[in-house]
Amino acid sequence: ESDFSQSENKIFIKLKPYFRLYQKFLDDITIYIGRRWVATLVSCIIYILRVSSIGGFYIVTYALGIYLLNIFLSFLTPQYDPENEVETETEDGPALPTKSDDEFKPFIPRLPEFKFWYATIRALVISLICTFFPILDVPVFWPILLIYFIILFVITMQKQIKHMIKHRYLPFTTGKPKFSQSSKKFFGLF
C-alpha cells in the first residue's frame, strides 16, 4: 500500500505544474464572458456536425441534453429558494423578497455563471470524445428520445417560469437601474 501511495504522490507532484497552468488559464478567461460563450457555441456546433455526419450516438446526445437542462435549471434557480426556506433570512444569507414591502435582494443563482459555463463546455468536450468510441453508439429509435426530451424540457421550464413569476425574480439582471436626466430632476437632484 505504501508503494502505491508513494507512486501516486510522485505522479501528482509531476502533474502539479500542469494543474496550476490549467487553473491559471481558467482564472484568466473568467472575465471574458462573451468569448467563453462563443467558444461554447462553436463547440456545440462542432458536436452537432460530428453527430449528424456519423448518424448515431443518440444516447450520448440525449444524456448531454438532460445534463445541460439540469445545470441550466440550477443556473435559473435562486441559491436561497423561498419555498424551501422557513424564514426569510437564513444564516447563509438573504432570501428573495416574498412580499411587495420586502427589501430588494439581488438574484444569486444556485450555480454561478462561470461554473455553469465550465460544466457546459466540459460536458460538450466529454460528449465529443465519446463519439470516437463505437461501443457508445447504441442503436435506438431517436425520435422517441427527441419527443421525450422536448416534453421534459417544456414541463420543466413551465414549472421554473411559474416559480419565477410566483416569487418575482429574474435570473438575468443588468445591474443597478440607471436614471435619465428627467428622473434625476424629478427626484430633486438638480
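Cut-offs applied
Residues numbered from 1 in each chain as written. Predicted model: local features only at pLDDT ≥ 70, side-chain atom pairs only at ≥ 80, totals over all residues. Heavy atoms only, no water. Helix = DSSP H or I, 4+ residues; strand = E, 2+ residues; numbered from the N terminus. Contact = heavy atoms within 4.5 Å. Axes fitted to C-alpha atoms, helices over the stretch in contact; angles between N-to-C directions. Parallel < 35°, antiparallel > 145°, perpendicular 65-115°, else oblique. Nonpolar A, V, L, I, M, F, W, Y, C, P; charged D, E, K, R; others polar. Patch = residues over 30% accessible without salt bridge, like charges linked within 9 Å, V, L, I, M, F, W, Y side chains within 5 Å. Areas by Shrake-Rupley, 256 points an atom, 1.4 Å probe, with all protein chains shown as cover. Salt bridge = Lys/Arg side-chain N within 4 Å of Asp/Glu carboxyl O. Buried < 20%, exposed > 50% of the residue type's maximum accessible area, 1.4 Å probe, protein only. 1 Å grid on protein atoms, 1.4 Å probe; cavity = no way out; pocket = protein on both sides within 12 Å on 5 of 7 lines; lining within 4 Å. Points joined across faces, edges and corners; volume = space filled by probe spheres on them. Phe/Tyr/Trp six-rings, centres within 6.5 Å; stacked < 30°, edge-to-face > 60°.

A.B. asks: So what's going on with the side chain of Q160? Residues and values would help.
C.D. replies: As for its position among the elements, Q160 is in helix α5 (residues 142-166). In this structure Q160 touches L73, L76, T77 and Y169, once residues within four positions along its chain are discounted.

A.B. asks: Quick one: what's the story with the packing of helix α3 (residues 58-76) against helix α4 (residues 113-130), residue by residue and with numbers?
C.D. replies: Here α3 crosses α4 at 175°, and the two axes come no closer than 10 Å. Regarding the angle of α3 to α4, the classification is roughly antiparallel. Residues V60, L64, Y67, L68, I71, F72 and F75 of α3 form the contact with α4, whose participating residues are E113, F116, A119, T120, R122, A123, L124, S127 and C130. Here the residues of the contact of α3 with α4 are counted per class, giving 12 nonpolar, 2 polar and 2 charged.

A.B. asks: If you had to explain a nonpolar patch on the surface to someone new, which residues and values would you point to?
C.D. replies: Taken together, the side chains of I11, F12, I13, L15, Y18 and F19 define a hydrophobic patch exposed on the protein surface, amounting to about 660 Å² of accessible area. Here Y18 lies in helix α1 (residues 2-29). Judged by relative accessible area, which is 58%, Y18 ranks as exposed.

A.B. asks: Tell me about unusual backbone geometry, residues and numbers included.
C.D. replies: Leaving glycine aside, a negative phi is the common case for residues, and trans is the common case for peptide bonds. At F57, a position not held by glycine, the phi torsion is positive, near 60°. Relative to the helices and strands, F57 is located in the loop between α2 (33-54) and α3. Owing to a relative accessible area of 3%, F57 belongs among the buried residues under this scheme.

A.B. asks: Quick rundown of the layout of surface pockets? Include the residues and the values.
C.D. replies: Of the voids in this model, the largest pocket is the one considered here, and its volume is about 640 Å³. Lining the largest pocket are 23 residues, with Y47, I48, T61, L64 and G65 positioned closest to its centre. Where the lining of the largest pocket is concerned, the elements lending two or more residues are α2, α3, α4 and α5. Top contributing element to the lining of the largest pocket by residue count: α2, with 8 residues.

A.B. asks: Run through the packing of aromatic side chains, naming residues and quoting values.
C.D. replies: Taken as a whole, this structure holds 10 aromatic pairs when the rule is applied. Each ring, one from F72 and one from F116, has its centre 6.1 Å from the other, and the planes form 40°; the classification is tilted. Within this pair, whereas F72 is found in helix α3, its partner F116 is found in helix α4, the two being separated by 44 residues in sequence. Among the residues examined, F72 registers a relative accessible area of 24% and is labelled partly exposed.

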